[in-house]
Amino acid sequence: MSGSVLSRWESHLATERRLSPHTVRAYVRAAERLLEATGLQDWTAIAALDAPALRAQLARRRADGLSNRSAARELSSLRAFLAFARAETGASDAQAPRLRGPRIKRTLPRPVTPDEAVHMAQTIGERRREEWTGLRDRAVLLLLYGAGMRLGEALSLTGADAEMGETLRVTGKGGKTRVVPILPAIRTAVREYVSACPHDLTPEQPLFRGSRGGPLSAGLVQRAVAEARAEIGLPANATPHALRHSFASHLLGAGADLRSLQELLGHASLGSTQIYTEVDAARLLETYRSAHPRERND
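Computed from a prediction, not measured in an experiment: that's the story for all the values here. (Residues numbered from 1 in each chain as written. Predicted model: local features only at pLDDT ≥ 70, side-chain atom pairs only at ≥ 80, totals over all residues. Heavy atoms only, no water.)

K.L.:
Pulling in residues and values, what's your account of the overall build of the chain?
P.N.:
From N to C terminus, the chain includes 13 helices and two strands. Looking at the 298 residues of the chain, the share that counts as buried comes to 41%. Here the contacts in the chain between residues at least 6 apart in sequence split such that 62% fall between residues at least 24 apart. Split by element, the accessible area of the chain, about 16,700 Å² in all, is 49% carbon and sulfur. (Helix = DSSP H or I, 4+ residues; strand = E, 2+ residues; numbered from the N terminus. Buried < 20%, exposed > 50% of the residue type's maximum accessible area, 1.4 Å probe, protein only. Contact = heavy atoms within 4.5 Å. Areas by Shrake-Rupley, 256 points an atom, 1.4 Å probe, with all protein chains shown as cover.)

Here is the structure:
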């Protein structure tokens with residue numbers, strides 16, 4: 001029975017909530033661990049689980065060495081699972097049990113500079129043996145930095161998006177769509193890749209392809225970025241997602257308002273966007289300190 005429970009949960013996450021494949025896998029795996037630990041196999045029994053049961057599951061996971069941040073994610077996925085179980089059984093209270101999660105230190109995204117972002121894109125392009133794959137990787141990275149797209153969003157573009165205009169409609173998390181501006185440099189990079197790509201980029205097929213013609217994988221882009229940043233001496237936090245953070249931080253530093261930035265990033269709430277005010281403040285403080293060192297008394 002547990003197999004059908006997990007299948008239904010996975011279908012709900014992927015089809016109805018339209019979460020990313022990575023998030024779906026994490027949520028399903030957390031539910032699977034809970035069922036293995038409790039021996040439960042049907043929705044009614046799962047829906048009856050309470051806060052002490054969740055606390056016990058987290059304690060088991062913490063005994064395995066789970067960090068505070070991972071434990072918080074585990075709790076979030078389990079609460080979503082129990083809320084869904086209660087909805088499936090028609091329970092009068094569809095809310096998941098309340099349980100305070102572990103405290104986690106809030107970390108700020110660390111943006112790369114514009115020069116570093118462009119240098120990284122150029123380095124990745126030059127590292128490829130085939131010209132078209134180099135042009136492909138450069139175009140992908142410029143979409144992340146120049147348009148603030150998530151890596152998954154860039155890789156979900158199709159051949160129908162090849163002829164980009166000044167704006168592009170992007171489908172993000174939860175199936176939410178937004179319109180992002182496409183700079184001339186990005187349009188040129190995509191056009192150069194399309195012209196060099198040896199594969200048939202039909203409207204319904206992925207725009208960015210792997211060497212054999214299949215969809216370009218996120219892992220390949222992440223590995224290419226890791227190799228490039230090592231070559232040019234960038235820190236480990238210079239990841240593909242850091243380019244999106246850089247897009248946001250640099251726009252905010254240039255005077256963009258939070259509401260506009262929220263729309264460009266596709267954040268569901270303004271709270272997710274407000275973190276960039278702290279990023280910009282941290283950057284300004286660092287600049288101030290470097291320009292005005294404290295006077296030392298000799």
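K.L.:
Lay out the packing of helix α2 (residues 21-38) against helix α5 (residues 68-88) in plain terms, naming residues and giving numbers.
P.N.:
One way to put it is that α2 packs onto α5 with a least axis distance of 9 Å and a crossing angle of 75°. With respect to each other, α2 and α5 are oriented roughly perpendicular. Contacts between α2 and α5 involve Tyr27, Ala30, Ala31, Arg33, Leu34 and Leu35 on the former and, on the latter, Glu74, Ser76, Ser77, Leu78, Ala80, Phe81 and Leu82. A class-by-class count of the residues in the contact of α2 with α5 yields nine nonpolar, two polar and two charged. (Axes fitted to C-alpha atoms, helices over the stretch in contact; angles between N-to-C directions. Parallel < 35°, antiparallel > 145°, perpendicular 65-115°, else oblique. Nonpolar A, V, L, I, M, F, W, Y, C, P; charged D, E, K, R; others polar.)

K.L.:
Run through the pairing of strand β2 (residues 177-181), naming residues and quoting values.
P.N.:
Of the two faces of β2, only the one carrying Arg178 and Val180 is buried; Thr177, Val179 and Pro181 on the other face are not. When strand β1 (residues 167-171) meets β2, the two strands line up antiparallel, connected through five bridges. Within the sheet, the bridge partner assigned to Val170 lies in β2 and is Arg178. Linkage of β1 to β2, two consecutive antiparallel strands, is achieved through a turn of five residues, within which Gly174 is found at a positive phi near 70°. (Pairing = 2+ DSSP bridges.)

K.L.:
Hey, could you go over helix α6 (residues 114-127) for me, with residue numbers and the actual values?
P.N.:
The end-to-end C-alpha distance of α6 is 20 Å, a good match for the 20 Å that 14 residues give at a rise of 1.5 Å each. Within α6, the full set of buried residues consists of Ala117, Met120, Ala121, Thr123, Ile124 and Gly125. (Expected span 1.5 Å × (residues − 1).)

K.L.:
Outline the pattern of salt bridges, listing residues and values.
P.N.:
Summed over all chains, the structure comprises nine salt bridges. Between Asp137 and Arg136 there is a salt bridge, and its shortest N-O distance comes to 2.9 Å. Judged by its relative accessible area of 2%, Arg136 is buried. Taking the shortest distance from any N to any O, the salt bridge between Glu153 and Arg178 comes out at 2.8 Å. You can see Glu153 sitting in helix α8 (residues 151-155) and its partner Arg178 sitting in strand β2, a full 25 residues away along the chain. (Salt bridge = Lys/Arg side-chain N within 4 Å of Asp/Glu carboxyl O.)

K.L.:
Can you lay out the nonpolar core for me, pointing to particular residues and giving the numbers?
P.N.:
The biggest cluster of nonpolar side chains holds 42 residues, and the ones touching the most others in it are Leu141, Leu143, Tyr193, Leu207 and Phe208. Counting residues per element, this core draws most heavily on helix α7 (residues 131-147), which supplies ten residues. Beyond its immediate sequence surroundings of up to four residues, Leu207 is in contact with Leu157, Thr158, Gly159, Ala162, Met164, Val190, Tyr193, Val194 and Leu201. Counting 24 residues, the second largest nonpolar core, distinct from the first, contains Leu35, Trp43, Ala47 and Phe84. (Core = buried A, V, L, I, M, F, W, Y, C linked by side-chain atoms within 4.5 Å.)

K.L.:
Got a sec to walk through the side chain of Arg136? Specific residues and values, please.
P.N.:
The residue Arg136 is located in helix α7 in this model. In this view, Arg136 contacts Arg128, Tyr193, Phe208, Arg209, Gly210, Ser211, Leu216 and Leu220; residues no more than four positions away in its chain are not counted.

K.L.:
How would you sum up the packing of aromatic side chains? Please name residues and give values.
P.N.:
In the structure shown here, the tally under the stated rule is seven aromatic pairs. Taking 6.4 Å as the distance between ring centres and 20° as the angle between the ring planes, the aromatic pair formed by Trp9 and Tyr27 counts as stacked. On the criterion of sequence distance, the pair formed by Trp9 in helix α1 (residues 2-16) and Tyr27 in helix α2 is long-range, its members being 18 residues apart. Judged by relative accessible area, Trp9 falls into the buried class, the value being 0%. Ring geometry for Trp43 versus Phe81: centroids 5.8 Å apart, planes at 55°, classification tilted. In this pair, Trp43 sits in helix α3 (residues 43-47) while Phe81 sits in helix α5, placing the two residues 38 residues apart along the sequence. Just as Trp43 is buried, Phe81 falls in that class too. Clustering of aromatic rings is evident, with ring pairs tying together Trp9, Tyr27, Trp43, Phe81 and Phe84. (Phe/Tyr/Trp six-rings, centres within 6.5 Å; stacked < 30°, edge-to-face > 60°.)

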